[in-house]
Amino acid sequence: MSEVVLRGSALRHSYGIQEVLRGVDVEVRAGEVVALMGPSGSGKSTLLHLLAGLLRPDAGEVELRGERIDHLSEGERSRTRLEHLGFVFQFGDLVPELTVVENVELPLRLLGRRRGAARRAATELLDLLGIADLADRRLHEVSGGESQRAAVARALVHSPAAVLADEPTGALDTITGERVLEALVAAARHTGAAVLLVTHELTVASWAGRDVQLRDGTIRDPSAATVRRLP
Ligand SMILES: Nc1ncnc2c1ncn2[C@@H]1O[C@H](COP(=O)(O)OP(=O)(O)OP(=O)(O)O)[C@@H](O)[C@H]1O
Ligand SMILES: [Mg+2]
């Protein structure tokens, strides 16, 4: 089996007195696409934020390529994220003032890559996702599905080890959503990224290699090293 790229072990997280995650084990291997499913409010976004180092767990560990990231400082975690992770947010977070291609090349520019090289990499990915002709449009001049594709391109442009996608097709109709997902999976195969994808849709989950279910604050992931049980 290929190497584990991202692993969460015994993760716990509460907001105030609300205990959202009560011992979650999950792992994603290189080249794998895993669908994360579960009811609204079950903690899927919270789990993705923990795995990306955007939030710190109350207990448990997050490992990226075998190294713990949960106990790193804020600055170290954001550097790790920039270098090794791609994130597609549930409610989108592209920069409206920038064009499509400027949004996509942004991670490379932040990593200090030269303008020409960044532009070439961004353009290649836009091409792969079928929106190369929209490169110079501003975000308000493209459709919801097109802007989701741009978000997918931005998450993949620096060839991250893992991509975390939080319901990237939630606001789209089924057909458009499936196309975006298909493009995400194809692009991830192209870059070799491990993908963890939140979705409510069974049709979307069918694009994934396997799915894991988050319920009652826990995941029963049969492929994870340890499967926690509720007390
Ligand atoms: N910043 C926060 N402060 C307090 N409570 C929060 C916060 N973020 C999320 N929650 C609560 O934690 C629970 C899990 O939220 P989360 O966003 O992780 O769920 P989700 O599974 O992603 O839901 P959805 O499918 O609707 O996106 C919810 O009850 C939510 O209200
Ligand atoms: Mg969510």
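For the structure, check the block above.
As the structure is a prediction and not an experimental result, all values here were calculated from the model.

Asks: Explain the site of ligand 1 to me, please; I cannot follow it from the model alone.
Replies: Near ligand 1 you find 13 residues, and of these Gln18, Ser40, Gly41, Lys44 and Thr46 are the closest. Gly41 places a polar main-chain atom, nitrogen or oxygen, 2.8 Å from an oxygen atom of ligand 1. In this structure, an oxygen atom belonging to ligand 1 sits 2.6 Å away from a side-chain N or O atom of Thr46. In the complex, the protein chains occlude 61% of the 640 Å² of accessible area that ligand 1 would expose alone.

Asks: Help me understand the side chain of Glu167, please; the structure alone is not making it clear to me.
Replies: Secondary-structure assignment places Glu167 in the loop between strand S7 (162–166) and helix H6 (174–191). One buried charged residue, Glu167, remains without a salt bridge, the closest side chain of opposite sign being Lys44 at 5.6 Å. Excluding residues that lie within four positions of it along the chain, Glu167 makes contacts with Gln90, Val198, Thr199 and His200.

Asks: It is not clear to me how the packing of helix H5 (residues 144–156) against H6 should be interpreted in this structure. Could you clarify?
Replies: How two helices sit against one another is set out by the angle between their axes and by the gap between those axes. Closest axis-to-axis distance for the H5/H6 pair is 10 Å, and the angle between their directions is 15°. Between H5 and H6, the angle falls in the class roughly parallel. Considering only the axes of H5 and H6, their crossing is right-handed. Of H6, the residues touching H5 (which contributes Gly145, Gln148, Arg149, Val152 and Leu156) are Thr176, Arg179, Val180, Ala183, Leu184, Ala187, Ala188 and Thr191. For the contact of H5 with H6, a count of residues per class yields seven nonpolar, four polar and two charged.

Asks: Would you explain the pattern of salt bridges in this entry?
Replies: Opposite charge on two side chains permits them to pair, given that their charged atoms come into close proximity. A full pass over the atoms with the stated rule returns eleven salt bridges. For Glu63, the salt bridge identified is with Arg7, shortest N-O distance 4.0 Å. With Glu63 in strand S4 (residues 59–64) and Arg7 in strand S1 (residues 4–15), this residue pair connects regions lying 56 residues apart in the sequence. A relative accessible area of 19% places Glu63 in the buried class.

Asks: So what exactly am I meant to see when it comes to helix H3 (residues 100–110) here?
Replies: Think of an α-helix as 3.6 residues a turn; residues three or four steps apart then line up on the same face. Residues of H3 that are buried: Val100, Val101, Asn103, Val104, Glu105, Pro107 and Leu108. Its buried side turned inward, H3 meets helix H2 (74–84), helix H4 (115–128) and H5. Where H3 ends, the next residue or the one after it, Gly112, has phi of about 90°, a positive value.

Asks: Even after reading the chapter, I still don't get unusual backbone geometry, so can you show me in this structure?
Replies: Glycine aside, a negative phi is what most residues show, and trans is what most peptide bonds show. The backbone of Arg65 sits at a positive phi, close to 45°, despite the residue not being glycine. Turning to its location among the elements, Arg65 is positioned in the loop between S4 and strand S5 (67–68). The backbone phi angle of Asp216 is positive, close to 50°, even though this residue is not glycine. With relative accessibility at 57%, the residue Asp216 sits in the exposed group.

Asks: Got a minute to help me understand the pairing of strand S8 (residues 194–198) in this structure?
Replies: Residues in a regular strand project their side chains so that they alternate between the two faces of the sheet. Most of S8 is tucked away, with five of its five residues classed as buried. Here S8 shows no split at all, with Ala194, Leu196 and Val198 on one side and Val195 and Leu197 on the other all buried. Bridging between strand S3 (residues 33–37) and S8 involves four bridges; their strand directions are parallel. Along S8, the bridge assignment pairs Val34 with Leu196. Note: S7 against S8, five bridges, orientation parallel. In the strand pairing of S8, Asp166 is matched with Val198.

Analysis parameters
- Residues numbered from 1 in each chain as written.
- Chains lettered and ligands numbered in written order.
- Predicted model: local features only at pLDDT ≥ 70, side-chain atom pairs only at ≥ 80, totals over all residues.
- Heavy atoms only, no water.
- Near = heavy atom within 4 Å.
- Polar contact = N/O pair within 3.5 Å; in protein donor to acceptor, adjacent residues only side chain to side chain.
- Areas by Shrake-Rupley, 256 points an atom, 1.4 Å probe, with all protein chains shown as cover.
- Helix = DSSP H or I, 4+ residues; strand = E, 2+ residues; numbered from the N terminus.
- Buried < 20%, exposed > 50% of the residue type's maximum accessible area, 1.4 Å probe, protein only.
- Lys, Arg positive; Asp, Glu negative; His and termini not counted.
- Salt bridge = Lys/Arg side-chain N within 4 Å of Asp/Glu carboxyl O.
- Contact = heavy atoms within 4.5 Å.
- Axes fitted to C-alpha atoms, helices over the stretch in contact; angles between N-to-C directions.
- Parallel < 35°, antiparallel > 145°, perpendicular 65-115°, else oblique.
- Left-handed = near helix turned anticlockwise from the far one by under 90°.
- Nonpolar A, V, L, I, M, F, W, Y, C, P; charged D, E, K, R; others polar.
- Pairing = 2+ DSSP bridges.

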